[in-house]
Amino acid sequence: METAMEQTEAGNAEEFYRSPTTTPDADPWALALEDIDLATGSIFQAQKHHEYFKRLRQENPVHYHDKNPDIGPYWSLTRYEDIMAVDSDFQRFSSEPSIALFDEILGEQRAPMFIAMDPPTHDEQRAAVSPAVGPVRLKDLDQLIRSRTVEVLDELPIGTPFNWVDKVSIELTTRMLATLFDYPFEERSKLTFWSDVITTPPILMGISDEDRLNHLAECLLTFTALFKERQGESNNSQDFISLLANNPATANMEGVELLGNLMLLIVGGNDTTRNSMSAGVHFMHENPDEFQKIKDDEALIPSAVSEIIRYQTPLSYMRRTANEDVEIRGKQIKKGDKIAMWYASGNRDEAFFPDADKFIIDRPNVRRHMAFGFGVHRCMGNRVAEAQLRIVWEEILKRFDRLEVVGEPERVEHSFVHGIKDLQVIAHPKT
Ligand code: HEM
């Protein structure tokens, strides 16, 4: 059997790192503080991370851990206001060279992408593609999102369990991705496949490192062809590829630089929206009184969507690197130190969200969750994500009396992407 280190070398360290101390079975309140390593996927998979965060918010909100062999020393911020302050300050806290503690998430160490860049280059590249998901384009997309949602929901089996993740969440986010790229619709499953290749260690996909590189090369080749095809002054299309191909800040991109930004755009909205779509069904099942609230008043759906995103927090953290020595709450952070801003903890901070561990779809400050980040890197696709989730819930309410979750959701072992692989659901139609 392979050792953890051998597996690590084969792919993304994140999936395989198992802390000897911070385990799902350990008592988060009894462990020595210095042994708490939040970058441990197994505690997220077991849903034990909340207790660790609660303890750190109370006892050690600016936390240092230096025993993780795969990522080296790093700081963890766990309180809402500290995270917001750091996320809003790109001068002192850089997104370069990486937004992950583990170097390989999104492959961004090898392929540059604007999420892992600072202004001004970041701003130019972001501005080039943001119209694809801006308010004007979204208005146009609303009807399309609805018709696809209707199609997918109308095909669901009734009365027998099915995996909501595959049948709904992945299907709808893949269709959306194809639209945002104006990618040939019938070949859309390739986008999800490439997204998986980017985020999943080859060993977990049953492929070799060489296969992985070949798939990425195919991805680049396919998109380079589309990129070239769409270059031209008369092309005013608002899809990601046309926008990249025709903006002076990005039109000359090729090779890894193009691949990096494509990876970001493919992955950015994929797992995140997918996991919110799955998690919401689970939360509503567990909180029937909250579900009843949207049944009674559909106008509460946008607020419920924000609460779903807060409660799930699909990306648990973003990393920054200190550009200078900084003191936070008496702790001396040195230039070059890694800092994880744990959105998953800030979103459960009692000082900001009363009854933070409860799912309350109409909480007054629901829109102030931090799952989309703050500052110059605030999620570019937040409106698309919210629109997809709002529409899916509007259409669920038209068709179903309830969505019954049977069994425990199967979650991913990951401290960066907070996700669900399998959610067995029985759909009960309205009578
Ligand atoms: C950035 C979360 C959906 C594209 C981010 C960041 C977070 C995030 C936390 C980094 C913020 C920061 O560093 O301050 C989410 C969540 C989503 C979602 C929770 C769904 C519920 C989407 C969608 C798209 C997208 C649908 C695109 C179609 C991006 C891009 C960036 C980004 C391109 C980089 C922005 C930049 O660096 O300026 N997202 N995201 N996201 N997101 Fe999202």
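Quick look at the structure, then. Throughout, a residue's number is its position along its own chain's written sequence, starting from 1. With the structure being a predicted model, the display of local features is reserved for residues of pLDDT at least 70 and the display and counting of side-chain atom pairs for 80 or more, all residues being used for whole-chain, interface and lining totals. Side-chain descriptors were evaluated using all non-hydrogen atoms of the structure, hydrogens and water having been removed beforehand.

Observations concerning the sheet that holds strand 12 (residues 424-429)
Two strands qualify as a pair provided DSSP detects at least 2 bridges between them. Helix and strand assignments follow DSSP, with helices taken as H or I runs no shorter than four residues and strands as E runs no shorter than two, numbered in order from the N terminus. Read across the sheet, three strands follow the order 4-12-9 without closing on themselves; strand pairing throughout is antiparallel. Each having just a single partner strand, strand 4 (162-163) and strand 9 (400-405) make up the two edges of the open sheet. Pairing of strand 9 with strand 12, which is carried by five bridges, proceeds in the antiparallel orientation. Across the sheet, Arg402 pairs through a bridge with His428, a residue of strand 12.

Considering the packing of aromatic side chains
For this analysis, a ring pair means two rings from Phe, Tyr or Trp (six-membered ring only for Trp) whose centres lie within 6.5 Å, classed as stacked if their planes differ by under 30 degrees, edge-to-face if by over 60, and tilted for the remaining angles. All told, the structure shown has 20 aromatic pairs when counted by the stated rule. Ring geometry for Tyr80 against Phe374: centres 6.3 Å apart, planes inclined by 75 degrees, an arrangement best described as edge-to-face. Within this pair, whereas Tyr80 is found in helix 5 (residues 80-87), its partner Phe374 is found in the loop between helix 17 (343-346) and helix 18 (382-399), the two being separated by 294 residues in sequence. Here's how the labels work: a residue is buried when its accessible area is under 20% of the maximum for its type, exposed when over 50%, partly exposed in between, all with a 1.4 Å probe on protein chains only. Residue classification places Tyr80 among the buried positions, given a relative accessible area of 3%. Relative to Phe223, the ring of Tyr183 has its centre 5.7 Å away and its plane inclined at 35 degrees; by these criteria the two rings are tilted. In this pair, Tyr183 sits in the loop between helix 8 (164-181) and helix 9 (189-199) while Phe223 sits in helix 11 (residues 209-229), placing the two residues 40 residues apart along the sequence. You can call Tyr183 buried: its relative accessible area is 3%. Chaining the aromatic ring pairs together yields one cluster made of Phe44, Phe53, Tyr317, Trp342 and Phe416. Sitting over a ring, as applied to charges here, requires NZ of Lys or CZ of Arg to be within 6 Å of the ring centre and within 35 degrees of the ring normal. In this arrangement the basic side chain of Arg188 is found over the ring face of Phe185, its NZ or CZ atom lying 4.4 Å from the centre. Directly above the ring of Phe353 sits Arg310, whose terminal nitrogen or CZ lies 5.1 Å from the centroid.

Some thoughts on the coordination of the iron atom of the ligand
For the iron atom of the ligand, the sole protein-derived donor is Cys379 (SG), lying 2.3 Å away. Considering the arrangement of structural elements, one finds Cys379 in the loop between helix 17 and helix 18. Here a donor is any nitrogen, oxygen or sulfur atom (N, O, S) within 2.8 Å of the metal, with 3.2 Å used for Na, K and Ca; water is not among the atoms considered, so some sites may look incomplete.

Let's talk about the sheet that holds strand 5 (residues 317-322)
With respect to topology, five strands assemble into an open sheet ordered 1-2-8-5-3, the strand pairing being mixed. If you trace the sheet from one side to the other, it starts and ends with strand 1 (62-65) and strand 3 (93-94), each paired once. As defined by bridge partners, strand 3 adjoins strand 5 across two bridges and the pair is classed as antiparallel. For Phe93, the partnering residue across the bridge sits in strand 5 and is Ala322. Any two residues whose heavy atoms approach within 4.5 Å are treated as being in contact. Where helices are involved, their axes are fitted lines through C-alpha atoms of the stretch in contact, as for all axes, and angles between N-to-C directions lie from 0 to 180°. Against the sheet, helix 5 touches strand 1, strand 2 (74-77), strand 3, strand 5 and strand 8 (338-342), its axis set at about 125 degrees to strand 8.

Focus on the site of the ligand
By nearness alone, 28 residues border the ligand, and His122, Arg126, Arg320, His377 and Cys379 come closest of all. Take the shell around the ligand: its biggest share by element is three residues, from helix 14 (residues 270-286). Under the scheme applied here, ten amino acids are nonpolar (Ala, Val, Leu, Ile, Met, Phe, Trp, Tyr, Cys and Pro), four are charged (Asp, Glu, Lys and Arg), and all others, including Gly, are polar. Of the residues assigned to the shell around the ligand, the class counts are 15 nonpolar, nine polar and four charged. By convention in these notes, a residue is near a molecule or strand provided one of its non-hydrogen atoms lies within 4 Å of it.

Regarding the pattern of salt bridges
Each salt bridge in this description consists of a side-chain nitrogen of Lys or Arg and a carboxyl oxygen of Asp or Glu lying within 4 Å of one another. Under the counting rule described, the total for this entry stands at 31 salt bridges. Arg399 serves as the salt-bridge partner of Asp154, at 2.6 Å between the closest nitrogen and oxygen. Taken together, the positions of Asp154 in helix 7 (residues 135-154) and Arg399 in helix 18 put the pair 245 residues apart, joining distant regions of the chain. A salt bridge links Arg348 to Asp357; the nearest nitrogen and oxygen atoms lie 3.0 Å apart.

Structural notes on helix 7
To estimate how far a helix should reach, multiply one less than its number of residues by 1.5 Å. Along its 20 residues, helix 7 runs 28 Å from first to last C-alpha, staying within 8% of the 28 Å computed at 1.5 Å per residue. When the local axis directions of helix 7 are compared, the greatest deviation, roughly 40 degrees, occurs at Leu141. What helix 7 keeps buried is the set Arg137, Leu138, Leu141, Ile145, Arg146, Arg148, Thr149, Val152 and Leu153. Consider a residue and the seven residues that end there alongside the seven that start there; fitting an axis to each set, the bend is the angle between those axes.

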